[in-house]
Amino acid sequence: MNEQVTILLVDDKPANIFSLRQLLERPERTFLTATNGNDALKIAINNAIDLIILDVQMPEMDGFEVAQTLKLNKKTKDIPIIFASAEKKERQSIMKGFEEGAVDYLSKPLDPELTTAKVSVLLKIQLQKKELLEKNMSLQKAEERIKVLNDDLSRNLLQLKEVNKELESFTYSVSHDLRAPLRALLGFSNMLGEQYGDTLDAEALRLLGVIQKNATKMESLINDLLQFSKMGRKEIIRTPINTEWLVKNTIEEITDSMQHKADIKIGTLLPIQADASLLTQVWVNLISNALKYSAKKESPEVEIGSYRDQNDIVYFVKDNGAGFNMQYADKLFGVFQRLHSPKEFEGTGVGLAIVQRIIAKHGGRVWAESKVNEGATFYFTLPSDVPEKAEMV
């Protein structure tokens, strides 16, 4: 026992105190002494005492009266007390001592081995009690801190939810309001080209083409932004999905409108319980990206598959295309974040943000692995609580 402890020795005979102190002396023990009850009370109240060895027979105030007073004081009521007595009516004295709150009793003359053993045990118990109280106090403070943090988190989440609602509403309104003038711009520029194209010189035709190209690009961006904002409000309707059928159907629709072709390998695609329309958007975006970014390869390849990982199913789309620097992987799923210039590959930078939002609404996650010029693999997980057999959806 290496922790410092303080013992109060109370006896009206200084010789008894000296002997007891010599018997109990240890490097980790500090001793305070008193030869009467009043001094003992003052010392106990003004110091952190771990154990009191209290003589019963003292003039003016005996040990029992001292113990009674100590037990009535909030600061000293829990200090363990060992009574020491040479009374002839020892049994009666012992019983009274326990009634007054003693934890043990020693008979005079003191047995050295018994005295040292009892003091050591009681001090060990007292230290364990103090340690437990400190841990309980720390735990209580930690619980209070956690409660404060949880309250702050709840408030912040509520505020974030409100801000997101306002942002989605604002995004939807702005995007919706931009569509009308943009359509007018596209319509009149097309009319200008059709009706007056023959009278315009080469530079005018080039500038008109730039207007039409950028207006078309802006229309795509607004449409993607509207789609992204709708994701926040759309409720998920889970149904059993035959993933293999869904992916094959998606590939057929995508490749019909694409000039470049790729060797697409479809591995095991496990069925899942999810929102069919939303999951279709995920596959459309990921497969379209894989085909787009591998299009410049001499032999473009795309691999699609899945596997189980504990309670999730992991799906992946892998290509051998342009790839990207993993240093910037954290930007992949942000709105309007692109890792390639528009001159290299067309796009608005919203597709992967839509994928991330859809998967998050399903309780899954999305990530990617890649090397520059060696292709990329996009993964997403979905909870695997699905019947063994899924109907075609």
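A few points on the structure. None of the values given here were measured: they were computed from a predicted structure.

1. What to know about the sheet that holds strand 2 (residues 29-34)
- Spatial ordering of the open sheet is given by 2-1-3-4-5, a layout of 5 strands whose pairing is parallel. Edge positions in the sheet fall to strand 2 and strand 5 (104-107), since each of these pairs with one other strand and no more. When strand polarity is set aside, the average angle formed by the axes of neighbouring strands in this sheet is 20°.
- One ladder, built from 6 bridges, connects strand 1 (residues 5-10) with strand 2; its direction is parallel. Pairing of Leu9 across the sheet is with Thr33, part of strand 2.
- Strand contacts of helix 1 (residues 14-24): strand 1, strand 2 and strand 3 (51-55), with the helix running at about 170° to strand 2, the strand carrying the most contacts.
- Most of the contacts of helix 3 (residues 63-72) go to strand 4 (residues 81-85), to which it runs at about 170°, and overall it touches strand 3 and strand 4.

2. What to know about helix 2 (residues 37-46)
- Residues Gly37, Ala40, Leu41, Ile43 and Ala44 constitute the buried set of helix 2. Burial along helix 2 is one-sided: seen end-on, the buried residues are contained in an arc of 165°. Turned more than 90 degrees away from the buried face of helix 2 sit Lys42 and Asn46, all of them exposed.
- Structurally, helix 2 contributes buried residues whose contacts are with strand 1, strand 2, strand 3 and helix 3.
- Put simply, Asn36 is the residue that caps the front of helix 2, since its side-chain oxygen is 3.2 Å from the backbone nitrogen of Asn38.

3. Some thoughts on helix 7 (residues 243-256)
- With 14 residues, helix 7 extends 20 Å from end C-alpha to end C-alpha; this agrees with the ideal 20 Å at 1.5 Å per step.
- For helix 7, the secondary structure elements touched by its buried residues are strand 6 (238-241), strand 7 (263-266), strand 8 (272-275), helix 8 (276-293), strand 9 (301-309) and strand 10 (312-319).

4. Comments concerning the packing of aromatic side chains
- In total, this model carries 7 aromatic pairs according to the counting rule given.
- Aromatic side chains Tyr315 and Phe380 sit 5.2 Å apart centroid to centroid with 25° between the ring planes, which places their arrangement in the stacked category. Taken together, the positions of Tyr315 in strand 10 and Phe380 in strand 12 (residues 376-383) put the pair 65 residues apart, joining distant regions of the chain. Each member of the pair, Tyr315 as well as Phe380, carries the same accessibility label: buried.
- Every member of this aromatic cluster is reached through a ring pair, and the members are Trp283, Tyr315 and Phe380.

5. Quick look at the packing of helix 2 against helix 3
- Packing of helix 2 against helix 3 leaves a shortest axis separation of 10 Å and a crossing angle of 25°. The angle between the axes of helix 2 and helix 3 places the two elements in the roughly parallel class. For the crossing formed where helix 2 meets helix 3, the hand is right-handed. Contacts between helix 2 and helix 3 involve Gly37, Leu41 and Ala44 from the former and Val66, Thr69 and Leu70 from the latter.
- Along the lines of polarity and charge, the residues of the contact of helix 2 with helix 3 split into 4 nonpolar, 2 polar and no charged.

6. Re the pairing of strand 3
- With 5 of 5 residues buried, strand 3 is to be regarded as a mostly interior element.
- Alternating residues of strand 3 divide into Leu51, Ile53 and Asp55 and Ile52 and Leu54, and every residue in both groups is buried.
- One ladder, built from 4 bridges, connects strand 1 with strand 3; its direction is parallel. By the bridge assignment for strand 3, Leu9 is matched with Ile53.
- Where strand 3 meets strand 4, 4 bridges bridge the pair, whose relative direction is parallel. Bridging from a neighbouring strand, Ile53 pairs with Ile82 of strand 4.

7. What to know about the packing of helix 8 against helix 9 (residues 351-361)
- Put simply, helix 8 and helix 9 touch, their axes get as near as 9 Å, and they point 145° apart. With respect to the hand of their crossing, helix 8 and helix 9 are arranged in left-handed fashion. The residues of helix 9 that touch helix 8, namely those facing Leu278, Gln281, Val282, Asn285, Leu286 and Asn289, are Gly351, Leu352, Ile354, Val355, Ile358 and Ile359.
- Broken down by class, the residue content of the contact of helix 8 with helix 9 amounts to 8 nonpolar, 4 polar and no charged.

About the criteria used
Residues numbered from 1 in each chain as written. Predicted model: local features only at pLDDT ≥ 70, side-chain atom pairs only at ≥ 80, totals over all residues. Heavy atoms only, no water. Pairing = 2+ DSSP bridges. Helix = DSSP H or I, 4+ residues; strand = E, 2+ residues; numbered from the N terminus. Axes fitted to C-alpha atoms, helices over the stretch in contact; angles between N-to-C directions. Contact = heavy atoms within 4.5 Å. Buried < 20%, exposed > 50% of the residue type's maximum accessible area, 1.4 Å probe, protein only. Arc of directions from axis to C-beta. Polar contact = N/O pair within 3.5 Å; in protein donor to acceptor, adjacent residues only side chain to side chain. Expected span 1.5 Å × (residues − 1). Phe/Tyr/Trp six-rings, centres within 6.5 Å; stacked < 30°, edge-to-face > 60°. Parallel < 35°, antiparallel > 145°, perpendicular 65-115°, else oblique. Left-handed = near helix turned anticlockwise from the far one by under 90°. Nonpolar A, V, L, I, M, F, W, Y, C, P; charged D, E, K, R; others polar.

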